[in-house]
Amino acid sequence: MAIINGKEVSAAVRARVAKETEELKVKGITPGLAVIIVGEDPASQVYVRNKERACEEVGFFSEKYALPENTTQAELNALVDELNNRADINGILCQLPLPSHLDDKEVINRINPIKDVDAFHPVNVGAIMIGDYNFLPCTPAGVMELIHSTGVEVTGKKAVVIGRSNIVGKPMAMLLLHENATVEITHSKTRNLADITKEADILVAAIGRAKFVTADMVKEGAVVIDVGMNRDENGKLCGDVDFEEVKDKCAFITPVPGGVGPMTISMLMQNTLTAAKIQNNVENN
Ligand code: GUN
C-alpha cells in the first residue's frame, strides 16, 4: 500500500501555476481573485484565509469582501455585479454556505460564468457534462490529479463514487467517465452498497460519514480516494474511509488530513489562472 501525498501533489500544482503566473506578468497580466464571505462561520473564515494565502503564494492579486451577517440579497447581488464588471478581477468566489436568509443559487447564477472559478454556474456545470469546459470544480479536479499521481491507468477501470452532491459526487463521476472509466454513482439509499464498492478499481468516498468505508467494502489493490472531512467519536479529524482498516487492502489511499484537502485550493488557483488567460485572450494550454 502507498499513501498518496496530497501536500506534495498540491505543491506541484501551485509551482506550475506560479511559474505560468510569472510568464503572464511579463505580458502585464496579474490574475485577480475576489472572495466574498458573508457572516462569521469559523470554518468558512479558515477556508477564505487559506485561499488568500494561496493567492499570495502563486503571485495573484486577491481581494476579500467580508460582509456582515445581515447583508441583504440586493447588496450581495450588487457586489457580484460590480466584480463582474471589473477587468482586473478574473475570478469570483462566494464562500458557501451563506446565512439562511440569502439564496446561494441566486448568487451563483449571477456570477459571470467566465469568472466562476468554482464551476458552480449552470453554464459551467453543463459544459462539464458535454466535456467542453473551461473550469472543473475544484475538489473533483483535485481528485483526478491525485489519481494521475499514482500512475494508475483510468481507462477501462471500474470506478465507484459514493455520494451524489453537485459539488463533488456528480462532477466526480463525469470526470472519471471522461477518462474512460466505467462509472457507478452510489449514495445513502443504494442497496447492497458493499457488493458494488467491492468491485471498484477506483473508489471515491464523498458521503460525509466518519469511517463509513470499511475493509470489507474495498477490492484488493484498489485506489481509494477519501473526500470526507468528519470528526470521529473522540473529536479527531477523520475521513469517510476507515484508514487503518483499509490501508493494508488497497494499493493507494489518501489520508485525512493531507490527501484531497490540500488539492482543492490549488485547483482554485489553477482555475483563476485559466480565467485570467481566457479574459486576456492568452492561449490556454
Ligand atoms: N464551501 C465549502 N467548499 C466550498 C467551495 O469549494 N467553494 C465555495 N464557494 N464554498 C465552499
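Look above for the structure.
Attention here is on the structure that accompanies the text. (Residues numbered from 1 in each chain as written. Predicted model: local features only at pLDDT ≥ 70, side-chain atom pairs only at ≥ 80, totals over all residues. Heavy atoms only, no water.)

## A closer look at the pairing of strand 3 (residues 61-67)
Selection rule: The pairing criterion is simple: DSSP has to find at least two bridges between the two strands. What counts as a helix is a DSSP run of H or I of at least four residues, what counts as a strand is a run of E of at least two, and both are numbered from the N terminus. With the strands aimed away from the viewer, a crossover counts as right-handed if its path from the first strand over the helix to the second runs clockwise.
The sheet contact formed by strand 2 (residues 32-38) and strand 3 spans 7 bridges and is parallel. Residue pairing across strands places I37 opposite A66, the latter belonging to strand 3. For the crossover from strand 2 across helix 2 (residues 42-58) to strand 3, the handedness is right-handed.

## A closer look at the pairing of strand 4 (residues 91-94)
Just so we agree on the cut-off: Under the scheme applied here, a residue whose accessible area is under 20% of the maximum for its type counts as buried, over 50% as exposed, and between as partly exposed, the area being computed with a 1.4 Å probe on protein chains only.
A two-sided burial pattern is seen for strand 4, the buried positions comprising G91 and L93 on one face and I92 and C94 on the other. Sheet analysis places strand 2 next to strand 4, joined by 4 bridges and oriented parallel. Its bridge partner being in strand 4, A34 is matched across the sheet by I92.

## Here's the deal with the sheet that holds strand 11 (residues 252-253)
Applicable threshold: Every residue pair with non-hydrogen atoms within 4.5 Å of one another is taken to be in contact. Angles here are taken between N-to-C directions and fall from 0 to 180 degrees, while the axes themselves are lines fitted to C-alpha atoms, restricted in helices to the stretch in contact.
Read across the sheet, 6 strands follow the order 1-11-8-7-5-6 without closing on themselves; strand pairing throughout is parallel. Every interior strand has two partners, whereas the edge strands, strand 1 (2-3) and strand 6 (182-186), have only one. Of the pairings in the sheet, the one linking strand 1 to strand 11 comprises 2 bridges and is parallel in character. Across the sheet, the residue bridging to I3 is I253, located in strand 11. Most of the contacts of helix 6 (residues 138-150) go to strand 8 (residues 223-226), to which it runs at about 150 degrees, and overall it touches strand 7 (202-205), strand 8 and strand 11.

## Concerning the site of the ligand
In plain terms, the rule: Whether a residue is near a molecule or strand is decided by its heavy atoms; if any one of them lies within 4 Å of it, the residue is near. Within 3.5 Å is the distance limit for a polar contact, defined as a pair of N or O atoms, with the added protein rule that one can donate a hydrogen and the other accept it, and that residues adjacent in sequence qualify only through two side-chain atoms. What sets the accessible areas is the Shrake-Rupley method with a 1.4 Å probe; for residues, cover comes only from the shown protein chains.
Contacts to the ligand come from L93, C94, Q95, L96, D118 and F120. A distance of 3.2 Å is found between a nitrogen atom of the ligand and a side-chain nitrogen or oxygen belonging to Q95. D118 is positioned such that a nitrogen or oxygen atom in its side chain is 2.6 Å from a nitrogen atom of the ligand. Taking 280 Å² as the accessible area of the ligand by itself, protein coverage stands at 78%.

## Description of the environment of A159
When you line up the elements, A159 lands in strand 5 (residues 158-162). A C-alpha to C-alpha distance of 8.2 Å links A159 and A173, two positions 14 residues apart in sequence. In this structure, A159 is in contact with L176, A181, T182, V183, E184 and I202, ignoring residues within four places of it in sequence.

## Brief notes about empty space enclosed by the protein
To keep it simple, the criterion reads: A cavity here means a set of points on a 1 Å grid, drawn over the protein atoms and nothing else, where a 1.4 Å probe fits but cannot get out; a pocket is an open set with protein on both sides within 12 Å along at least five of seven lines, and a residue lines either one if it has an atom within 4 Å of a point. Grid points are joined across faces, edges and corners, and a volume is the space filled by probe spheres set on the points. Under this grouping Gly is polar, as are all residues other than the nonpolar Ala, Val, Leu, Ile, Met, Phe, Trp, Tyr, Cys and Pro and the charged Asp, Glu, Lys and Arg.
The final tally for this structure, using the stated rule, is 2 cavities of 30 Å³ or more. Approximately 50 Å³ is the volume found for the largest cavity. I92, L93, C94, L96, I108, I111, D116, D118 and F120 together form the lining of the largest cavity. Counting residues per element, the lining of the largest cavity draws most heavily on strand 4, which supplies 3 residues. Broken down by class, the residue content of the lining of the largest cavity amounts to 7 nonpolar, no polar and 2 charged. For the second largest cavity, the calculated volume is near 30 Å³. Every residue lining the second largest cavity is listed: I37, V38, G39, E40, D41, S44, Q95 and P97. Here the residues of the lining of the second largest cavity sort into 3 nonpolar, 3 polar and 2 charged.

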